[in-house]
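# Summary of the model geometry
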Amino acid sequence: MGLGANVRREVAVPVLLLTLWLWTDIQGGEAIWLTVPSTGTKCVSEEIHNNVVVLADYVVVSDDHSHIPTVSVKVTSPYGNNLHHSENVTHGQFAFTTHEAGNYLACLWAGGHNQGGEVSVNLDWKIGIAAKDWESVARKEKIEGIELELRKLEGAVEAIHENLIYLKSREADMRTVSETTNGRVAWFSFMSLGVCIGVSALQVLYLKQFFQKKKLI
């Protein structure tokens, strides 16, 4: 009995550590420090699947408080749909729920009224479970402490499950594309070989007729 309990504890500890690590990995929410050039565009992208909440805050960081430079921001979906667009701002926020799976692109460029030089921008990009307002959930459902943390872990497990399903579907799509490409390459190789054999046979026939006309053979 004591041995079984020890085994269960030894198994439970790695599982708990793995769950906590996955929760920390999914929670993410780390800010990104971007340096936007005076001319040109700086873009960041994130591959996201369907029905995922995205929330982001951005703010221009400047040591000169008398003149804070501005930036323009545009966020587009994988199919080019415009999700957010702001011109000549010092800070802002965008939020949306994804309806397309693929790379979502956020591009920033310096505003037209800047006095040259690079612009530093702090971008806090949160996705999925990290973008959920847990304070509102706690107030609405009157939960706190361990119960709230367990609810967060439950959300993290669901997010992990959805990510695994998405990765599995992507792997199946890539495998289908790879198999189709291999089949087409094989057919192209056979066709190329057939063309080469046909051209060689025509060349031999032509040379034979040519030598016969010249009475060389």
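Refer to the preceding data block for the structure.
Residues numbered from 1 in each chain as written. Predicted model: local features only at pLDDT ≥ 70, side-chain atom pairs only at ≥ 80, totals over all residues. Heavy atoms only, no water.

## Thoughts on the overall build of the protein chain
Along the backbone of the protein chain there are three helices and eight strands. Of the regular secondary structure in the protein chain, the N- to C-terminal order runs α-β-β-β-β-β-β-β-β-α-α. Buried positions account for 26% of the 217 residues belonging to the protein chain. Sequence-distant contacts in the protein chain: of pairs separated by 6 or more residues, those separated by 24 or more amount to 75%. A total of about 15300 Å² of accessible surface is found on the protein chain, and carbon and sulfur atoms cover 59% of it. (Helix = DSSP H or I, 4+ residues; strand = E, 2+ residues; numbered from the N terminus. Buried < 20%, exposed > 50% of the residue type's maximum accessible area, 1.4 Å probe, protein only. Contact = heavy atoms within 4.5 Å. Areas by Shrake-Rupley, 256 points an atom, 1.4 Å probe, with all protein chains shown as cover.)

## Observations concerning the side chain of S72
Positionally, S72 belongs in strand β4 (residues 71-76). Taking relative accessible area as the criterion, S72 reaches 1% and is therefore assigned buried. A distance of 2.9 Å separates polar atoms of two side chains, one belonging to S72 and the other to E87. Beyond its immediate chain neighbours, meaning those up to four positions away, S72 contacts S86, E87, N88, C107, L108 and W109. (Polar contact = N/O pair within 3.5 Å; in protein donor to acceptor, adjacent residues only side chain to side chain.)

## Digging into the pattern of salt bridges
Following the criterion strictly, the structure yields two salt bridges and no others. A salt bridge links R170 to E47; the nearest nitrogen and oxygen atoms lie 2.0 Å apart. In this pair, R170 sits in helix α3 (residues 145-213) while E47 sits in strand β2 (residues 41-48), placing the two residues 123 residues apart along the sequence. Look at E47 and you get partly exposed, because its relative accessible area is 42%. Its salt-bridge partner being R175, residue E171 comes within 2.7 Å of it at the nearest N-O pair. Of this pair, E171 and R175 both sit in helix α3, four residues apart, which is roughly one turn of the helix. Using a relative accessible area of 42% as the deciding quantity, one classes E171 as partly exposed. (Salt bridge = Lys/Arg side-chain N within 4 Å of Asp/Glu carboxyl O.)

## Structural notes on unusual backbone geometry
Here N51, not a glycine, exhibits a phi torsion of approximately 55 degrees, which is positive. As for its position among the elements, N51 is in the loop between β2 and β3 (53-61). Of the residues examined, N51 reaches a relative accessible area of 60% and is grouped as exposed. Unlike most non-glycine residues, N88 shows phi in positive territory, near 50 degrees. Relative to the assigned elements, N88 resides in strand β5 (residues 82-89). Under the relative-accessibility criterion, N88 is labelled partly exposed at 33%.

Remember, this is a structural readout, not a statement about activity or role.
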